[in-house]
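# Structure at a glance
What follows is each chain in one-letter form.
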Amino acid sequence: MSFTLHGIPVSGGIAIGRAHLITPVSLDVSHYLVELERVKDEMVRYTAAVQAVQAELRTLHDSLSAAAPGDLGTFIDLHSMILADPMISKEPLRIIEERRCNAEWALIQQMDTLVAQFEEIEDAYLRERQNDITQVVERILKALTGAKSPIESALAKARSQEGEMVVVAHDLSPADMLLFKEHQFAGFVTDVGGPTSHTAILARSLALPAIVALHHAREMIGEDDWLILDGSSGVLIVAPDAPVLEEYRWKRGAMALEKKKLERLRHASATTLDGAEIELHANIELPEDAIVAREAGATGIGLFRTEFLFMNRKELPSEDEQFESYRKVVEAMAGMPVTIRTLDIGADKEAESMAREQTALNPALGLRAIRYCLAEPQIFLAQLRAILRASHYGKVKILLPMIAHAHEVAQAKYFIGMAKEQLDIEGTPYATEVQVGGMIEIPAAALSLGLFVKKLDYLSIGTNDLIQYTLAIDRADDEVAYLYDPLHPAVLGLISQTIRGGAKARVPVAVCGEMAGELRMTRLLLGMGLKQFSMHPANLLAVKQRIVGTELAEAGEHVKRILRAEEPDRLRDLVDALNAC
Ligand code: PEP
Ligand code: MG
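For the structure given in this document, a descriptive report is provided here.

Calculation notes
- Residues numbered from 1 in each chain as written.
- Chains lettered and ligands numbered in written order.
- Predicted model: local features only at pLDDT ≥ 70, side-chain atom pairs only at ≥ 80, totals over all residues.
- Heavy atoms only, no water.
- Helix = DSSP H or I, 4+ residues; strand = E, 2+ residues; numbered from the N terminus.
- Donors = N, O, S within 2.8 Å, 3.2 Å for Na, K, Ca; no water.
- Buried < 20%, exposed > 50% of the residue type's maximum accessible area, 1.4 Å probe, protein only.
- Patch = residues over 30% accessible without salt bridge, like charges linked within 9 Å, V, L, I, M, F, W, Y side chains within 5 Å.
- Areas by Shrake-Rupley, 256 points an atom, 1.4 Å probe, with all protein chains shown as cover.
- Salt bridge = Lys/Arg side-chain N within 4 Å of Asp/Glu carboxyl O.
- Lys, Arg positive; Asp, Glu negative; His and termini not counted.
- Charge placed at Lys NZ, Arg CZ, Asp CG, Glu CD.
- Pairing = 2+ DSSP bridges.
- Axes fitted to C-alpha atoms, helices over the stretch in contact; angles between N-to-C directions.

Moving on to unusual backbone geometry. Not every positive phi belongs to a glycine, and Ala207 is a case in point at roughly 55 degrees. In this structure, Ala207 sits in the loop between helix H10 (198–205) and strand E6 (210–212).

This is the structure we're talking about:
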């Protein structure tokens, strides 16, 4: 029977395909009897897996810096102790030997026994420790089976199956989304998530229709059910009947045609009706995206989110590997500016290779972005050296994320200076004039702009975080997503103040948050005086079309009224009026 679900639309377009449900890592393992002559080998296999996990935990522990939360070290020690306990390290060997079970099965039997014993304990703290046992068991299973993540399994299914697939998951991490680049799913839906979570941003950059916050979708949809996903309205139709399918296929075709028409603007300049030239740059996550940026007609890279180079891998990328990635982008852009943002890891962007587990209560307010880099100078320095080395091949700009304090800029510059000195000593070439800019995405930075215009060569407004921190709502949390409002007067005030402040100090200002790629915001930002936009390549031509149909002076008059309006309804009416002219 057909039914419809509603969620938050995060990436436009229509996807039609069969559902593929992603289930979290499970403890379902194969159960089989081992032949007598293979029992010893099976025991050796188990011991090797335990040793591998021991080494993994040791590395994790050793890589913790002094600044890491104390709880994290304790937590790793606890897991090492559980692993070393004969109940885990030895008892499964006895089960393999006596019952001839395969190693995974023996381990699961032992885990069930231990968990049952813990269930009996009255002390709530000790009872809770059964979760730690399960986590240790999961690590050993992973070492035994070389288990793939559910996303990797989904990719394998997509590769082996005809027709389009729509992924249905409880949640997807930005790292999961990166794997989507490898294979085009038709789209995805999740139970949780917010409109500017990094997962949603990646969906837009991949031009993948997506809906988040569908709540219990995963329980209501069956594997291989037909789905229509309308990423513009947030509507998901499950098991649609033939006429509805037909209607959406037609809509999808019409949208593709519309997109094709925009291509005629690819080589046109983004000049307003009254002659103001606007720069349209692209946001990218991986080096290969630079090609897509060029194809969309971007005249530079306004934001290279380098943290994505650090995801889905166990080891940090070396300086040389980073250098190659940055150089690839710089060369692809052939002399056009490439703004490389230093590592913005943390909050919803996690990387296994960074070896810190998040224990903070509010990771978005924690050791993220520039804070992380300044706490991990070796990682920061390696990245800065790689960026500077790439600057020899084109026009590179360094962008510092999440600055709020003058000393953060001073310290970052100190490390840039140190990286230059090291390269000088080695005789490694780099461009001497590499501009250093900062992201204005914490309200404190926007409110004390004077501090930063003196110290930085340019500014880039990160509206995603600026909205999150101004309105105190987690951008990835669907329960407060209804409060995420780019048109809140406080947000508009901070953006306009930053653009004006930059112009007054003759420091260029760009917007690289999601607002820059939203058609509804284009004229508003133009009217505030913005001259440089950076967005997903997928949105670039539509924004260009809006720019070439805008009279800047007229937009400026509208914006004055918008900035004076405080009532949400009036403000929205004025924005609609601006877009209608
Ligand atoms: C922003 O916050 O607006 C931004 C561009 O950075 P990110 O989305 O990567 O946090
Ligand atoms: Mg940000």
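Our focus in this paragraph is the coordination of the magnesium ion (ligand 2). Around a metal, the perfect tetrahedron of four donors has angles of 109.5 degrees, and the perfect octahedron of six donors has angles of 90 or 180 degrees. Within the protein, Glu441 (OE) and Asp465 (OD) serve as the donor atoms for the magnesium ion (ligand 2), at 2.0 to 2.1 Å. Placement of the pair is Glu441 in the loop between strand E13 (435–440) and helix H18 (443–447) and Asp465 in helix H20 (residues 463–471), with a sequence separation of 24 residues. Classification of Glu441 by relative accessible area gives buried; the value is 2%.

Our focus in this paragraph is a negative patch on the surface. A cluster of acidic side chains, namely Glu566, Glu567, Asp569 and Asp573, defines a negative patch on the protein surface. Note on placement: Asp573 falls in helix H25 (residues 568–580). Residue Asp573 is classed as exposed on the basis of its relative accessible area of 52%.

Taking strand neighbours across the sheet as the criterion, the 8 strands line up as E1-E8-E7-E3-E4-E5-E6-E2 in an open arrangement whose pairing is mixed. Since the sheet does not close on itself, it has two edges, and those belong to strand E1 (3–6) and strand E2 (8–11), each with one partner. On average, adjacent strands in this sheet sit at an angle of 30 degrees to one another, irrespective of strand direction. In this structure, E1 lies alongside strand E8 (residues 235–238), joined through 4 bridges in antiparallel fashion. In the sheet register, Thr4 faces E8, and the bridge partner there is Ile237.

With 8 of 9 residues buried, strand E3 (residues 14–22) lies mostly within the body of the structure. Here E3 runs beside strand E7 (residues 226–230); their pairing, made up of 5 bridges, is antiparallel. In the sheet register, Ile14 faces E7, and the bridge partner there is Asp230. As paired strands, E3 and strand E4 (residues 165–169) are joined by 5 bridges and run parallel to one another. Among the inter-strand pairings, Leu21 is bridged to a residue of E4, identified as Val168.

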